[in-house]
Amino acid sequence: MNEVPLILVVEDEYLLRREVEEILTGAGFAGDSFPSGDTALASFMDNAKTYKALITDVNLGDGLNGWEVARRIREKEAGFPVIYITAYSAAEWTAHGVPNSILISKPFAPTQLVTALSNLLNVGSAPTT
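All of these numbers come straight from a predicted model, not from anything done at the bench. In every chain, residue numbers begin from 1 and rise along the written sequence. Restriction of local features to residues with pLDDT of at least 70 applies here, the model being predicted, together with a cutoff of 80 or more for giving and counting side-chain atom pairs; totals for whole chains, interfaces and linings are based on all residues. No hydrogens and no water enter the side-chain calculation; it runs on all heavy atoms of the structure.

Considerations on the nonpolar core
The nonpolar side chains of a soluble globular protein tend to be buried with one another.
Right, so step 1: Grouped together as the largest cluster of nonpolar side chains are 22 residues, with contacts concentrated most on Leu-8, Tyr-51, Leu-54, Ile-73 and Tyr-84.
Right, so step 2: Breaking this core down by element, the ones donating at least two residues are strand S1 (6-10), helix H2 (37-45), strand S3 (51-57), helix H3 (66-76) and strand S4 (82-86).
Right, so step 3: In terms of residues, this core owes the most to one element, H3, which gives 4 residues.
Right, so step 4: Throughout, a contact is declared for two residues whenever any of their heavy atoms are within 4.5 Å. Other than its neighbours up to four places away in sequence, Leu-54 contacts Leu-8, Val-10, Val-69, Ala-70, Ile-73, Phe-80, Pro-81, Val-82 and Ile-83.
Right, so step 5: What makes a nonpolar core is a set of buried Ala, Val, Leu, Ile, Met, Phe, Trp, Tyr and Cys residues whose side-chain atoms join them at distances within 4.5 Å. The rule is simple: take the accessible area with a 1.4 Å probe, protein chains only, and divide by the maximum for that residue type; under 20% is buried, over 50% is exposed, in between is partly exposed. Counting residues in each nonpolar core, the second largest holds 18 residues, with Phe-29, Ile-55, Ile-104 and Ala-116 among its members. We count a stretch as a helix when DSSP gives it H or I for four or more residues in a row; a strand needs E for two or more, and each element gets its number in order from the N terminus.

Okay, here's the thing in structure tokens:
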């Protein structure tokens, strides 16, 4: 039996976090979501679950932001797939984002998220957009 890929989701807005989980479930993935970068990173680092990719908002309020979460995860797993979702920080992506990541601007269509995730998981990297 094939294991459903588990995706680490970090989004401080409750409704958007739930929407991302629904999109992932509908596309055959499982989402493990957190409202803060600190709690998400702690879950990743404890190795209790095997995450296949990170989807993170950039601006997360107090604590770690999405840029920092992705960088710390990449320190542990260099090629870990990362998708940033943001309404404000697209111009900062080239300076702060990790290599071979994808940035999707809010609002986004569900197909954008699923396509980006599928590209990163199937290819290992995708062209930047």
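Considering the confidence of the model for the chain
Right, so step 1: On a range of 0 to 100, pLDDT expresses the predictor's confidence in each residue. Of the residues in the chain, 92% have a pLDDT of 70 or more, and the chain-wide mean is 90.
Right, so step 2: Put simply, helix H4 (residues 93-96) is where the chain has its lowest mean pLDDT, 79, and S1 is where it has its highest, 98.
Right, so step 3: The low-confidence segment residues 125-129, where pLDDT is below 50, has 12 contacts with residues more than four positions distant or belonging to other chains.

Quick look at the environment of Leu-60
Right, so step 1: Mapped onto the fold, Leu-60 is located in the loop between S3 and H3.
Right, so step 2: Here Leu-60 falls in the buried class, since its relative accessible area comes to 5%.
Right, so step 3: Put simply, Leu-60 and Ser-43 are 17 residues apart on the chain and 16 Å apart in space, counted from C-alpha to C-alpha.
Right, so step 4: With near-sequence residues (within four places) excluded, Leu-60 lies in contact with Val-10, Glu-11, Asp-12, Gly-37, Asn-65 and Gly-66.

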